[in-house]
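Tertiary structure, described
Spelled out, the chains give:
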Amino acid sequence: MTPLAHGVLMDRRGFLSTLAAACVAARSTEVAAARRSSLWLAYTSFAVRLRYGRETPAAVPFDAVALAGMCTRVGSSGAQVDFGQLQPGKEAIDRAAAAYRGPGLGLEVSMPARALDSPQAYADAIATARALGATRARVALLSGRRYETFATRADWEAFATRWRETLLRMRPEFERQRFTIGIENHKDWLAPELASLLREIDSPYVGACVDFGNNLAMLEDPDETITLLAPFAVTTHVKDMGVRVTTDGFELSEVPLGQGILPLARYIDVIRAARPDARFCLEMMTRDPLLVPYRTERYWAPFEAAGREPARVRRFEERVLSRATTTLPRVSGLTPERQLALEVDNVAACVAHACDVLHLEAPDA
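Residues numbered from 1 in each chain as written. Predicted model: local features only at pLDDT ≥ 70, side-chain atom pairs only at ≥ 80, totals over all residues. Heavy atoms only, no water.

Another point: the nonpolar core. Grouped together as the largest cluster of nonpolar side chains are 103 residues, with contacts concentrated most on Tyr100, Met111 and Leu141. Beyond its immediate sequence surroundings of up to four residues, Leu141 is in contact with Ala113, Leu116, Phe159, Trp163, Leu167, Ile183, Asp188 and Trp189. (Core = buried A, V, L, I, M, F, W, Y, C linked by side-chain atoms within 4.5 Å. Buried < 20%, exposed > 50% of the residue type's maximum accessible area, 1.4 Å probe, protein only. Contact = heavy atoms within 4.5 Å.)

Let us now look at the packing of aromatic side chains. What the rule picks out here adds up to 14 aromatic pairs. Between Trp156 and Trp189, the aromatic rings sit 5.1 Å apart at their centres with planes inclined by 70 degrees, giving edge-to-face as the arrangement. In this pair, Trp156 sits in helix H7 (residues 153–169) while Trp189 sits in the loop between strand E7 (180–184) and helix H9 (191–201), placing the two residues 33 residues apart along the sequence. For the pair Trp156 and Trp189, a shared accessibility class is recorded, and that class is buried. A centroid spacing of 6.2 Å and a plane angle of 40 degrees characterise the contact between Phe159 and Trp189, whose relative ring orientation is tilted. Of this pair, Phe159 sits in helix H7 while Trp189 sits in the loop between E7 and H9, placing them 30 residues apart in sequence. (Phe/Tyr/Trp six-rings, centres within 6.5 Å; stacked < 30°, edge-to-face > 60°. Helix = DSSP H or I, 4+ residues; strand = E, 2+ residues; numbered from the N terminus.)

Turning our attention to the sheet that holds strand E13 (residues 290–292). Ordered in space as E10-E11-E13, the three strands form an open sheet in which the pairing is antiparallel. Only two strands of the sheet have a single neighbouring strand rather than two, namely strand E10 (240–245) and E13. The average angle at which neighbouring strand axes cross in this sheet is 30 degrees, direction not considered. Note: E10 against strand E11 (residues 250–255), six bridges, orientation antiparallel. (Pairing = 2+ DSSP bridges. Axes fitted to C-alpha atoms, helices over the stretch in contact; angles between N-to-C directions.)

Here the focus is unusual backbone geometry. In this structure, Lys187 is a non-glycine residue whose phi angle is positive, near 60 degrees. A positive phi angle is found at Asp202, which is not glycine, with a value near 55 degrees. By the element assignment, Asp202 lies in the loop between H9 and strand E8 (206–211). For Asp202, a relative accessible area of 51% corresponds to the exposed category.

Next up on the list: the sheet that holds E8. The strand order E9-E8-E7-E6-E5-E4-E3-E12 describes an open sheet built from eight strands, whose pairing is parallel. Of all the strands in the sheet, the pair left with one neighbour each is strand E9 (233–237) and strand E12 (281–282). Where strand E3 (residues 40–42) lies against strand E4 (residues 78–82), two bridges are found, and the strand directions are parallel. Bridge pairing in E4 places Ala42 opposite Gln80.

Within the element layout of this structure, Asn346 appears in helix H14 (residues 336–356). You can call Asn346 buried: its relative accessible area is 12%. Dropping the residues within four chain positions of it, Asn346 is found in contact with Pro256, Met284 and Thr286.

The final tally for this structure, using the stated rule, is one cavity of 30 Å³ or more. The calculated volume of the largest cavity comes to roughly 50 Å³. If you go around the largest cavity, the residues you meet are Ser253, Glu254, Met284, Met285, Thr286, Arg287, Pro329, Arg330, Val331, Leu342 and Asn346. Every element with two or more residues in the lining of the largest cavity is listed here: E11 and H14. Within the lining of the largest cavity, the residues separate by chemical class into five nonpolar, three polar and three charged. (1 Å grid on protein atoms, 1.4 Å probe; cavity = no way out; pocket = protein on both sides within 12 Å on 5 of 7 lines; lining within 4 Å. Points joined across faces, edges and corners; volume = space filled by probe spheres on them. Nonpolar A, V, L, I, M, F, W, Y, C, P; charged D, E, K, R; others polar.)

So, on to helix H11 (residues 264–274). Inspection of H11 places Leu264, Tyr267, Ile268 and Ile271 among the buried residues, and these make up the whole buried set. For H11, the angular spread of the buried residues around the axis is 100 degrees, confining them to a single face. Its buried side turned inward, H11 meets E8, helix H10 (222–229), E9 and E10. (Arc of directions from axis to C-beta.)

A few words on the pattern of salt bridges. Counting across every chain of the model gives 24 salt bridges. Close ionic contact of Glu200 with Arg164 constitutes a salt bridge, the shortest N to O distance being 2.6 Å. Taken as a pair, Glu200 in helix H9 and Arg164 in helix H7 lie far apart in primary sequence, 36 residues in all. Here Glu200 falls in the partly exposed class, since its relative accessible area comes to 35%. Asp345 is paired through a salt bridge with Arg338; the nearest N and O atoms lie 3.8 Å apart. By relative accessible area, which is 42% here, Asp345 ends up partly exposed. Residues joined by salt bridges that share partners form a network here, namely Asp211, Lys239, Glu254, Glu283 and Arg287. (Salt bridge = Lys/Arg side-chain N within 4 Å of Asp/Glu carboxyl O.)

Taken across its five residues, E9 has five buried, putting it largely inside the fold. In terms of strand pairing, E8 meets E9 through four bridges, oriented parallel. In the strand pairing of E9, Ala208 is matched with Ala233. Each parallel crossover has a hand, and the one from E8 via H10 to E9 is right-handed. (Right-handed = clockwise from strand over helix to strand, strands pointing away.)

Packing of helix H3 (residues 64–74) against helix H4 (residues 90–101) leaves a shortest axis separation of 9 Å and a crossing angle of 5 degrees. Comparing their axes, H4 and H3 come out roughly parallel. In this structure, H3 uses Ala64, Val65, Leu67 and Ala68 to contact H4, whose residues at the interface are Arg95, Ala96, Ala99 and Tyr100. Tallied by class, residues from the contact of H3 with H4 come to seven nonpolar, no polar and one charged. (Parallel < 35°, antiparallel > 145°, perpendicular 65-115°, else oblique.)

Rendered as structure tokens:
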């Protein structure tokens, strides 16, 4: 059984059928926004639509073309498109490229980590990116979360060593392709670790996709995250975060820009000063909060002992958790229609905040 609909539990088939109807209704009312922001949209900002497209065989997928339409609808200047949103074949790639080129939207890609495994895999991925018109990419090396994926410190170190060796081996290919990629701090690398890795790779074509909020899940002060990664910024995941204290730790959730605890304007200024050409890309995921169980033994297994020092934990609690709220937004229990509407409302609110408060207006606005 899945989410509540009109006060009663729905079975999975009923939920997806209702969601399909809601998607059709939503598409029929889409109109272009009156203003355009320079803030781009990460594909993950539409997690509800992506989930429906994956889980329902008969569904029209939320693909790269649909994401372009959403950019126009909410007033964004471009998108970070996932390779998984691309339909196979040259014609489909050409259609996707035209969907962005026509209305003057920018495009960057999110490529899978396996694209970095070999020169041929990387060359193939870059060829696809260039065919779309992209000039940079975001890559996450871990699809999960460090404190959930790795049972021991040795497991984490094996992962980190494998990627360090892979990326160093791939450096000649990075130079050959001359295509810029940003490795994300994806609840895996602490900022000092990722900064150290990027310095060792030492390539002008390998930088960071700086996520504003992810490292809160590893009890890292967000000021430290931004300060250490800003010099490497290629692209970003701009987001605001809310926290709620729990028995085992805290809940962490994306919230519309300006409604959370992060000093967004200051972080944008820091990145602009360090890397003027870095792109600001929104990741506003409408979903239930993530539990960060830092008061359990299991959570700390893949971290060095220094990460658990009482002074470090206490400093995080004082600087971050002291600003916790008593409630965070949730989608569980919402009807499919409401989930879809809330997703667009949240993204549109973020884009409006970017224009009105953060002064991220498009140059032609």
